[in-house]
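# Remarks on the overall topology
Single-letter residue listing:
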Amino acid sequence: MCTPNLVLLVEDHADSRELLEEFLTLEGFTVETAGNGLSAWERLSRPPLPDAVLLDLMMPVMSGWELMRHVREDARLSTLPVVVVSGAGSSQPLPEGIRATVPKPVDLFELRATLERVVSPT
């Protein structure tokens, strides 16, 4: 990637968040993190908007499903690429507006390819 893309990583498990942040940084992404949907929502309320959001669904405080309801209702965020990184997708339907999914346990190379696909310039 020529310029670093800003990714907001929303994951409640600290070990997973740190591993994914380190991997994505090494792959050339600029990474910001949030430990729950509420922290992510607060981050999305201020510029700059990320180029993509990596979203776990099952989190305390505000789940990924709840966060996506807010995102869908906000016109500023209507085109924001959201990639679900979760093991929960198979038991419940995914929220509307999801661009792609990467199941847990995460295949890091699949994650990188997915992110490159969703943040590529149009």
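Keep in mind that this is a model prediction, so the values were computed, not measured. (Residues numbered from 1 in each chain as written. Predicted model: local features only at pLDDT ≥ 70, side-chain atom pairs only at ≥ 80, totals over all residues. Heavy atoms only, no water.)

### What to know about the packing of helix 1 (residues 14–26) against helix 4 (residues 108–119)
Threshold: Working convention: axes come from line fits to C-alpha atoms, limited for helices to the stretch in contact. Angles between N-to-C directions cover 0 to 180 degrees. The way it works is that DSSP assigns letters per residue, a run of H or I at least four long becomes a helix, a run of E at least two long becomes a strand, and they are numbered from the N terminus. In what follows, roughly perpendicular refers to angles from 65 to 115 degrees, roughly parallel to angles under 35, roughly antiparallel to angles over 145, and oblique to any angle outside these ranges. In this scheme the crossing of two helices becomes right-handed for a clockwise turn of the near helix relative to the far one and left-handed for an anticlockwise turn of less than a right angle. Working rule for contacts: check all heavy atoms of both residues, and any pair within 4.5 Å makes them a contact. In the scheme used here, Gly and all other residues not listed as nonpolar or charged are polar, with Ala, Val, Leu, Ile, Met, Phe, Trp, Tyr, Cys and Pro taken as nonpolar and Asp, Glu, Lys and Arg as charged.
Where helix 1 contacts helix 4, the axes come no closer than 11 Å and their chain directions differ by 60°. Between helix 1 and helix 4, the angle falls in the class oblique. As helix 1 packs across helix 4, the resulting crossing turns out to be right-handed. Of helix 4, the residues touching helix 1 (which contributes Leu-20, Phe-23 and Leu-24) are Leu-108, Leu-111, Arg-112 and Leu-115. Split into classes, the residues belonging to the contact of helix 1 with helix 4 amount to 6 nonpolar, no polar and 1 charged.

### So, the pairing of strand 5 (residues 100–103)
How we decide: A 1.4 Å probe rolled over the protein chains alone gives each residue an accessible area, and that area as a share of the maximum for its type sets the label: buried under 20%, exposed over 50%, partly exposed in between. Two strands pair if DSSP finds at least two bridges between them.
Because side chains alternate across strand 5, one face comprises the buried residues Ala-100 and Val-102, and the other comprises Thr-101 and Pro-103, none of which is buried. Strand direction decides the pairing type here: strand 4 (residues 82–86) and strand 5, joined by 4 bridges, are parallel. If you follow Val-85 over to strand 5, its bridge partner there is Val-102.

### A look at helix 3 (residues 64–73)
What counts is decided by this rule: The arc in question is traced by the directions running from the helix axis to the C-beta atoms. Two N or O atoms form a polar contact when they lie within 3.5 Å of each other; inside protein one atom must be a possible hydrogen donor and the other a possible acceptor, and for residues adjacent in sequence the pair counts only when both atoms belong to side chains.
Along helix 3, the residues that are buried comprise Gly-64, Trp-65, Leu-67, Met-68 and Val-71. On an axial view of helix 3, the arc spanned by its buried residues comes to 155°, and they lie on one face. Of the surrounding elements, those touching the buried residues of helix 3 are helix 2 (37–44), strand 3 (52–55) and strand 4. Between the side-chain oxygen of the N-cap and the backbone nitrogen of Trp-65 there are 3.3 Å, and the N-cap of helix 3 in question is Ser-63.

### Side note on the pattern of salt bridges
Short version of the rule: The term salt bridge refers to a side-chain nitrogen of Lys or Arg lying within 4 Å of a carboxyl oxygen of Asp or Glu.
Counted according to the given criterion, the structure contains 5 salt bridges. Across the pair Lys-104 and Glu-11 runs a salt bridge, and its minimum N-O distance is 2.8 Å. Separated by 93 residues along the polypeptide, Lys-104 in the loop between strand 5 and helix 4 and Glu-11 in the loop between strand 1 (6–10) and helix 1 bring together distant segments of the chain. Here Arg-76 and Asp-74 are joined by a salt bridge, their closest N and O atoms 3.4 Å apart. Take Arg-76: its relative accessible area is 43%, and that puts it in the partly exposed class. Within the structure, one salt-bridge network assembled from shared partners comprises Glu-11, Asp-56 and Lys-104.

### As for the nonpolar core
To keep it simple, the criterion reads: What makes a nonpolar core is a set of buried Ala, Val, Leu, Ile, Met, Phe, Trp, Tyr and Cys residues whose side-chain atoms join them at distances within 4.5 Å.
The biggest cluster of nonpolar side chains holds 19 residues, and the ones touching the most others in it are Leu-8, Val-10, Leu-44, Val-53, Leu-55 and Leu-67. Those elements that provide at least two residues to this core are strand 1, helix 2, strand 3, helix 3 and strand 4. In terms of residues, this core owes the most to one element, helix 3, which gives 4 residues. With sequence-adjacent residues up to four places away left out, Val-10 is seen in contact with Ala-34, Asn-36, Gly-37, Ala-40, Val-53, Leu-54, Leu-55, Asp-56 and Met-59. Residues Leu-20, Val-83, Ala-100 and Val-119 belong to the second largest nonpolar core, which totals 17 residues.

The values reported here are purely geometric and, on their own, carry no functional implication.
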